[in-house]
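Next come the chains, spelled out residue by residue.
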Amino acid sequence: MAELLQVIRGMHDILPADMPVWHQLEDEYRALAESYGYRQIRTPIVEKTALFARSIGAVTDIVEKEMYSFEDRNGDSLSLRPENTASVVRAGLQAGMLQDQQHRMWYCGPMFRHERPQKGRYRQFHQLGAETFSIAGADIEAELILMAARFWKRLGLDEIDLQINSLGSSECRRRFRGILVDYFRDHTAALDEDSRRRLETNPLRILDSKNPDMQALIEAAPVLGDSLDQESRDHFDELTDILDKTGVPYQVNQRLVRGLDYYCHTVFEWVTETLGAQGTVCGGGRYDALVEQLGGKPNYAAGFSMGSERLVSMLLDQGKAREADGCDVYLLMRGANSVALAQQLAEAMRDHMPRLRLVVHAGGGSLKSQMRKADKSGARIALILGEAEIEAGTVALKFLREDRPQAEILQSEIITCMASLLGSN
Ligand code: ATP
Ligand code: MG
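Remember, it's a predicted structure, so these values are computed and weren't measured experimentally. (Residues numbered from 1 in each chain as written. Chains lettered and ligands numbered in written order. Predicted model: local features only at pLDDT ≥ 70, side-chain atom pairs only at ≥ 80, totals over all residues. Heavy atoms only, no water.)

Mind showing me how you'd approach the sheet that holds strand β2 (residues 46-48) here?
The pairing of strands in a sheet comes from backbone hydrogen bonds and takes either a parallel or an antiparallel form. The sheet built from 3 strands is open, its strands ordered β2-β4-β3 with antiparallel pairing. On the outer flanks of this sheet lie β2 and β3 (69-71), each paired with one strand and no other. Neighbour-to-neighbour, the strand axes of the sheet open up by a mean angle of 35 degrees, direction not taken into account. Bridging between β3 and strand β4 (residues 77-80) involves 3 bridges; their strand directions are antiparallel. The residue bridging Glu 71 from the neighbouring strand is Ser 77, located in β4. (Pairing = 2+ DSSP bridges. Helix = DSSP H or I, 4+ residues; strand = E, 2+ residues; numbered from the N terminus. Axes fitted to C-alpha atoms, helices over the stretch in contact; angles between N-to-C directions.)

Written out as C-alpha cells, the structure reads:
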C-alpha cells in the first residue's frame, strides 16, 4: 500500500464531528458583528510579501521568522497572510473606501505563522476580527471592547479578563523609545540575542518578548504611562470612563504593548487563565499609522482579532459547545422501482421544506441493514418504502428516538404530514 500522507505539522483538519462548535462560534460572531453594523470583508489568503513587511514591520517575530513566504512562478515574493489587518487596509485603499468615510468591517478566516506548534499555537489557525476606519475617538475603541464582551456573554464563556493600556501618540512613543533604549543599554549583558538586535531597530518590541529569562528585566523597565502627554491621557480617560459606565471590568496593564508595530493610543487584550500558557483570546487596539504606511492618506483605524481555536477550546472545556446533531429524516427503500420513487418523494419534500435535513439511503441492502444506518445517522424519523408500502401507495413512518407507534401514511400526504411533525422546516 502507498504511504499515507500526513497533514503539515502545526496544521489541523476540522472534521465533520468537530464542526458544530465551529459553526456555533462563527454563526454567533457573524450575528454579533452584524448587530453592531459591521459588514463582512474577505481578502485573499496570499498577498505580496511587501505588504506584511511594510505593515507589521520588518523587525518583528512575524515577519522575521514566522511568515510562509515563497516565490511564485513569476518570481514575485508572496506570503500566506499571518494576520488580516494589513490586507483589509490594502483592500480598502484599493477600492477607494478609506477616504474619510466611516467603515465598520468584520472578517473570519485562516492565518498562517511558522511558530513552534503547541496547545493553542498552530501554524494554520483561524481568526475572527473587526476593523473600523475614520473614527478618531475612544468611543469606537469602547465599542470594539463592548462587542467582544457581548460575544463572551453570548457564547456563555466565563473567566476572560480585559487588560488595557495606552501607547499614547506617536510623539509619546518616540520619547519613550529614547528612555527605553537608555535603560536597556545599561543592561546589555542581560539581553538575549533577539533583544540586542531590537535595541537598535525596535526597542518597544523587547517588552513583548516571551523569553522567560528576560522577564525580570522587562518587569523593571520604565513604563510608557509615565511618558504620556495630556492629549493621550484624555483619550485614555474617555475610554475608561465609557467602560466604567457600561460596566465592563478591566485592568490597566502598563506592560501591555502588543506584538505588532502599528498600534498607538489604546491597546487591549482579553486573557484567560483557563487555557494554560496561550491565554490571549483577543487582541486589538488603535492603529492610526497603518493606512498612511500602506500608501493612503492619514486615517484613523481601530480593530481587534480573536483566536478561533482558543475560543473553541474554551467552549469545549466549559461545556458550552453546541452538541452534534444528525439529520431529521432517513428514507429507506426496498424493491422494484423503489429507488426512483424514493428520490421522487425526497425531492418533493425538499421543494416544500428547504431546510429539512433528509438523507436518502444509497447503496442498497436489506431493510434491516438500512435501518441500522438510519439509527446511526441520528435521524428522528425513518421513512420506509418497502414492497408492501409501494403496492399500497403508502410510506411507513417510524420514530427512532421517541416512544410513539409506527404510522402508515399515504405518499400523497407525505408533505403535509412531515410539515406538521417537523414544523415549517
Ligand atoms: P500571542 O501573544 O499568543 O503570540 P499575538 O499577539 O501574536 O498572540 P495577534 O497577532 O494579536 O496575536 O493575534 C490575535 C489572536 O490570534 C491572539 O490573541 C490569539 O488568540 C490568536 N493567535 C495568534 N497566533 C496564533 C497561533 N499561532 N495559533 C493560534 N492562535 C493564534
Ligand atoms: Mg504571536
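Please explain the domain arrangement of the protein as it appears in this structure.
You'll often see interface size given as the accessible area lost when the parts meet. The domain boundaries assigned to the protein delineate domain 1 (16-168 + 250-317), domain 2 (170-228) and domain 3 (329-422). Centre-to-centre, using C-alpha coordinates, domain 2 lies 69 Å away from domain 3. (Domains from an automatic or database assignment.)

Help me out: how do you make sense of unusual backbone geometry in this one?
Excluding glycine, most residues fall at negative phi; most peptide bonds, likewise, are trans. Residues other than glycine seldom take positive phi values, yet His 265 does so here, at roughly 45 degrees. Mapped onto the secondary structure, His 265 falls in strand β9 (residues 264-271). Even without being a glycine, Asn 337 presents a positive backbone phi close to 60 degrees.

Any chance you could explain the sheet that holds strand β6 (residues 124-133) here in plain terms?
Taking strand neighbours across the sheet as the criterion, the 8 strands line up as β1-β5-β6-β11-β10-β9-β7-β8 in an open arrangement whose pairing is mixed. Pairing within the sheet leaves two strands with one partner each, and these edge strands are β1 (39-40) and β8 (251-252). As judged from the 5 bridges shared by strand β10 (residues 280-286) and strand β11 (residues 301-307), these two strands associate in the antiparallel manner. From the neighbouring strand, Cys 282 faces β11, where its bridge partner is Met 306.

Help me out: how do you make sense of the packing of aromatic side chains in this one?
Working definition: an aromatic ring pair is given by the centre-to-centre distance plus the angle between the planes. On inspection of all chains with the given rule, the structure shows 6 aromatic pairs. Ring geometry for Phe 151 and Trp 152: centres 5.8 Å apart, planes at 40 degrees, overall tilted. On the basis of relative accessibility, which here comes to 5%, the residue Trp 152 falls in the buried class. Arranged with centres 5.1 Å apart and planes meeting at 65 degrees, the rings of Tyr 183 and Phe 184 form a pair that is edge-to-face. Per residue, the accessibility class of Tyr 183 equals that of Phe 184, and both read buried. Aromatic rings pair up to connect Tyr 29, Trp 106, Phe 151, Trp 152 and Trp 270 into one cluster. (Phe/Tyr/Trp six-rings, centres within 6.5 Å; stacked < 30°, edge-to-face > 60°. Buried < 20%, exposed > 50% of the residue type's maximum accessible area, 1.4 Å probe, protein only.)

I keep staring at a negative patch on the surface and nothing clicks. Help me out?
On the surface, a cluster of negative charge is contributed by Asp 139, Glu 231, Asp 234, Asp 237 and Glu 238. Per-element accounting of the negative patch gives the leading share, 4 residues, to helix α9 (residues 230-246). Secondary-structure assignment places Glu 231 in helix α9. (Patch = residues over 30% accessible without salt bridge, like charges linked within 9 Å, V, L, I, M, F, W, Y side chains within 5 Å. Areas by Shrake-Rupley, 256 points an atom, 1.4 Å probe, with all protein chains shown as cover. Salt bridge = Lys/Arg side-chain N within 4 Å of Asp/Glu carboxyl O. Lys, Arg positive; Asp, Glu negative; His and termini not counted. Charge placed at Lys NZ, Arg CZ, Asp CG, Glu CD.)

I'm lost on a nonpolar patch on the surface in this one. Help?
A surface patch of nonpolar side chains, amounting to about 210 Å² of accessible area, comprises Ile 45, Val 46 and Phe 70. With respect to the helices and strands, the residue Ile 45 is situated in the loop between β1 and β2. According to the relative accessible area criterion, Ile 45 is partly exposed, its value standing at 33%.

Mind showing me how you'd approach the environment of Ala 138 here?
Among the secondary structure elements, Ala 138 is positioned in helix α5 (residues 138-155). Residues Ala 138 and Ala 190, 52 residues apart in the sequence, show an inter-C-alpha distance of 38 Å. If sequence neighbours within four positions are ignored, Ala 138 has contacts with His 235, Glu 238, Leu 239 and Ile 242. (Contact = heavy atoms within 4.5 Å.)

How do you make sense of the packing of helix α6 (residues 170-185) against helix α7 (residues 193-201) when you look at a structure like this?
To characterise two packed helices, one gives the angle between the axes of the helices and the distance between these axes. Relative to each other, α6 and α7 sit at 145 degrees, their axes nearing to 10 Å. Note that α6 runs across α7; the crossing there is left-handed. Where α6 abuts α7, its residues Arg 177, Val 181, Phe 184 and Arg 185 lie against Leu 199, Glu 200 and Thr 201. Partitioning the contact of α6 with α7 into residue classes produces 3 nonpolar, 1 polar and 3 charged. (Left-handed = near helix turned anticlockwise from the far one by under 90°. Nonpolar A, V, L, I, M, F, W, Y, C, P; charged D, E, K, R; others polar.)

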